Amino acid sequence: MVRFGRPGEEQLRRNFDSVLTAVLSGRGVRTGTGLDHQTQTALWAIARARPNPSEALVAAARRAFAGQVDGTNSAESRAEMDRRIAARGSDPTP
């Protein structure tokens, strides 16, 4: 089945759980999951820490995913982009 648009929260949760299981098993983070940059970065940290990723890394990935679901990650990304644009606007060099 081909899915169009963004995955819903239930699908995102399944995708996160699937990717988390994969990285804990020694595989990488697959693409096309709908997981945001912050969540993927946290999952890659687990993958790089194999064979013994810490519980802190797993907890960080869960927090990152929670931030995706509740919109915190998106808000932080927008705020960072706004800061960069404002900084560029005050920079006299092109």
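Residues numbered from 1 in each chain as written. Predicted model: local features only at pLDDT ≥ 70, side-chain atom pairs only at ≥ 80, totals over all residues. Heavy atoms only, no water.

Trainee: A description of the overall build of the protein should follow, citing residues and the corresponding values.
Mentor: Broken down by element type, the protein carries four helices and zero strands. Taken over C-alpha atoms, the radius of gyration comes to 16 Å for the protein, far larger than the 12 Å a tight globule of 94 residues would show. Summarising its shape, the C-alpha atoms of the protein cover approximately 50 × 35 × 20 Å along the three principal directions. Here the protein, with 94 residues, has 27% of them falling under the buried criterion. Pairs at least 24 apart in sequence give 45% of the contacts found in the protein among residues at least 6 apart. For the protein, the separation between the mean place of its 14 positive charges and that of its 10 negative charges on side chains is 6 Å. (Helix = DSSP H or I, 4+ residues; strand = E, 2+ residues; numbered from the N terminus. Rg over C-alpha atoms; globule rule 2.2 N^0.38 Å. Buried < 20%, exposed > 50% of the residue type's maximum accessible area, 1.4 Å probe, protein only. Contact = heavy atoms within 4.5 Å. Lys, Arg positive; Asp, Glu negative; His and termini not counted. Charge placed at Lys NZ, Arg CZ, Asp CG, Glu CD.)

Trainee: Residues and numbers for the side chain of Gln68, please.
Mentor: Relative to the elements of secondary structure, Gln68 occurs in helix 3 (residues 55–70). For Gln68, the side chain forms a polar contact with the side chain of Thr39, separated by 3.4 Å. Every residue in contact with Gln68, bar those within four places of it in the chain, is listed here: Leu12, Gly34, Leu35, Asp36, Thr39 and Asn73. (Polar contact = N/O pair within 3.5 Å; in protein donor to acceptor, adjacent residues only side chain to side chain.)

Trainee: Account for the nonpolar core, naming residues and giving values.
Mentor: Counting residues in each nonpolar core, the largest one holds 15 residues, and the members touching the most others are Phe16, Leu20, Val23, Leu35, Leu43 and Ile46. Mapped by element, the contributors of at least two residues to this core are helix 1 (9–24), helix 2 (37–48) and helix 3. Per-element accounting of this core gives the leading share, five residues, to helix 1. (Core = buried A, V, L, I, M, F, W, Y, C linked by side-chain atoms within 4.5 Å.)

Trainee: Report on the confidence of the model for the protein, specifying residues and quantitative values.
Mentor: With 91% of its residues at a pLDDT of at least 70, the protein reaches an overall mean of 90. In the model of the protein, helix 4 (residues 72–90) stands out as the element of lowest mean pLDDT, 89, in contrast to helix 3, which has the highest, 97. (pLDDT = per-residue confidence, 0-100.)

Trainee: Please give an account of the pattern of salt bridges that cites residues and values.
Mentor: Applying the stated criterion across every chain, the model contains four salt bridges. Here Arg14 ties to Glu10 by a salt bridge, and the two come within 2.6 Å at their closest N and O atoms. Of this pair, Arg14 and Glu10 both sit in helix 1, four residues apart, which is roughly one turn of the helix. Residue classification places Arg14 among the partly exposed residues on the basis of a relative accessible area of 42%. Here Glu10 falls in the exposed class, since its relative accessible area comes to 60%. A salt bridge links Arg83 to Glu80; the nearest nitrogen and oxygen atoms lie 2.8 Å apart. Here the residue Arg83 and the residue Glu80 both occupy positions in helix 4, the gap between them amounting to three residues, near one helical turn. With relative accessibility at 31%, the residue Glu80 sits in the partly exposed group. Linked by salt bridges that have partners in common, Glu80, Arg83 and Arg84 make up one network. (Salt bridge = Lys/Arg side-chain N within 4 Å of Asp/Glu carboxyl O.)

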